Amino acid sequence: MIQMVTAAPLSITLKKPGFMSTVINSKDKLNWLANILFLRQDYDDCLKLIEQMHLESSGRNEFATYLKALILRIKGRIHESLDLFKRCHMLNPANPEYLKQFGRSLYLLGRHKAA
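First, a word on what this report is: a plain description of the structure on this page. Here the residue numbers are simple positions, counted from 1 along each chain's written sequence. Only residues with pLDDT of at least 70 get local features here, since the model is predicted, and only at 80 or more are side-chain atom pairs given and counted; chain-wide, interface and lining totals rely on the full set of residues. Side-chain figures throughout are based on the complete set of non-hydrogen atoms in the structure, without hydrogens or water.

### A few points about helix α1 (residues 31–39)
Within α1 the residues assigned to the buried category are N31, L33, A34, L37 and F38. Buried positions in α1, seen along its axis, are confined to an arc of 165° and lie on one side of it. Seen from the open side of α1, the exposed residues pointing more than 90 degrees away from its buried face are W32 and L39. Immediately beyond the C-terminal end of α1, within one or two residues, lies Q41, with a positive phi of roughly 60°. Relative accessible area decides the class of each residue, using a 1.4 Å probe on protein chains only: under 20% of the type maximum gives buried, over 50% gives exposed, and in between gives partly exposed. Under the scheme used here, helices are H or I runs from DSSP no shorter than 4 residues and strands are E runs no shorter than 2 residues, and both carry numbers assigned from the N terminus. Arc definition: it is the arc formed by the directions from the helix axis to the C-beta atoms.

In structure tokens form, the structure reads like this:
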């Protein structure tokens with residue numbers, strides 16, 4: 001079980017040799033933990049963390065939305081995951097991964113021509 005700790009929004013600047021400085025927004029600071037929980041297939045804790053991330057970012061965290069859509073599709077809730085992949089594509093239309101996953105969900109629903 002993961003215990004959530006809320007803190008004031010913060011931005012961290014990472015300086016690595018040979019790389020430009022990168023600013024990590026507070027809405028992206030827990031993406032690594034959500035990814036680890038997803039890879040461990042601990043979907044319930046991952047969904048709890050994603051809900052917290054959505055509250056902090058007002059639903060604008062692209063990665064959290066993407067992971068939630070994947071988890072819902074794994075659990076068999078394909079229609080809900082389809083809506084979340086649409087939202088991901090609206091947040092970042094330049095990422096082709098969202099269209100690919102959208103097509104996979106359509107295929108699983110039996111809408112082969114639309115996929």
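### A closer look at the packing of aromatic side chains
Centres within 6.5 Å make a pair out of two Phe, Tyr or Trp rings, where for Trp the six-membered ring is used; the pair is then stacked when the planes are under 30 degrees apart, edge-to-face when over 60, and tilted otherwise. Going through the model one piece at a time under the given rule, you end up with 3 aromatic pairs. An aromatic cluster of at least three residues, connected via ring pairs, comprises Y66, F85 and Y98.

### Some thoughts on the nonpolar core
In plain words, nonpolar cores are sets of buried Ala, Val, Leu, Ile, Met, Phe, Trp, Tyr and Cys residues tied together by side-chain atoms within 4.5 Å. Formed by 22 residues in total, the largest nonpolar core has its most connected members in F38, C46, L49, L67 and I71. When residues of this core are traced back to their parent elements, those giving at least two are α1, α2 (43–57), α3 (62–74) and α4 (78–91). Of the residues forming this core, the biggest block, 7 residues, is contributed by α3. Setting aside chain neighbours within four positions, we find L67 in contact with A34, N35, F38, C46 and I50. Contact between two residues is taken to exist if any of their heavy atoms lie within 4.5 Å; hydrogens are not considered.

### A word on the pattern of salt bridges
Here a salt bridge means any side-chain nitrogen of Lys or Arg lying within 4 Å of a carboxyl oxygen belonging to Asp or Glu. Applying the stated criterion to the full structure yields 4 salt bridges. For D44, the salt bridge identified is with K75, shortest N-O distance 3.1 Å. With D44 in helix α2 and K75 in the loop between α3 and α4, this pair connects stretches of sequence that are 31 residues apart. On the accessibility criterion, D44 (48% relative accessible area) is partly exposed. Since its relative accessible area comes to 40%, K75 is described here as partly exposed.

### A closer look at the packing of α3 against α4
Each axis is a line fitted through C-alpha atoms, taken for helices only over the stretch in contact, and angles between the N-to-C directions span 0 to 180 degrees. Interhelical geometry of α3 versus α4 gives an angle of 160° and a closest axis separation of 8 Å. Viewed along their axes, α3 and α4 adopt a mutual orientation that is roughly antiparallel. Considering the relative orientation of α3 and α4, their crossing is left-handed. On α4, the residues touching E62, T65, Y66, K68, A69, L70, L72 and R73 of α3 are I78, E80, S81, L84, F85, R87, C88 and L91. Classification convention: Asp, Glu, Lys, Arg as charged; Ala, Val, Leu, Ile, Met, Phe, Trp, Tyr, Cys, Pro as nonpolar; all other residues, Gly among them, as polar. Class assignment of the residues belonging to the contact of α3 with α4 gives a composition of 9 nonpolar, 2 polar and 5 charged. Angle categories are assigned with fixed cut-offs, so that under 35 degrees is roughly parallel, over 145 is roughly antiparallel, 65 to 115 is roughly perpendicular, and the rest are oblique. Handedness of a crossing follows from how the near helix is turned relative to the far one, being left-handed for an anticlockwise turn of less than a right angle and right-handed for a clockwise one.

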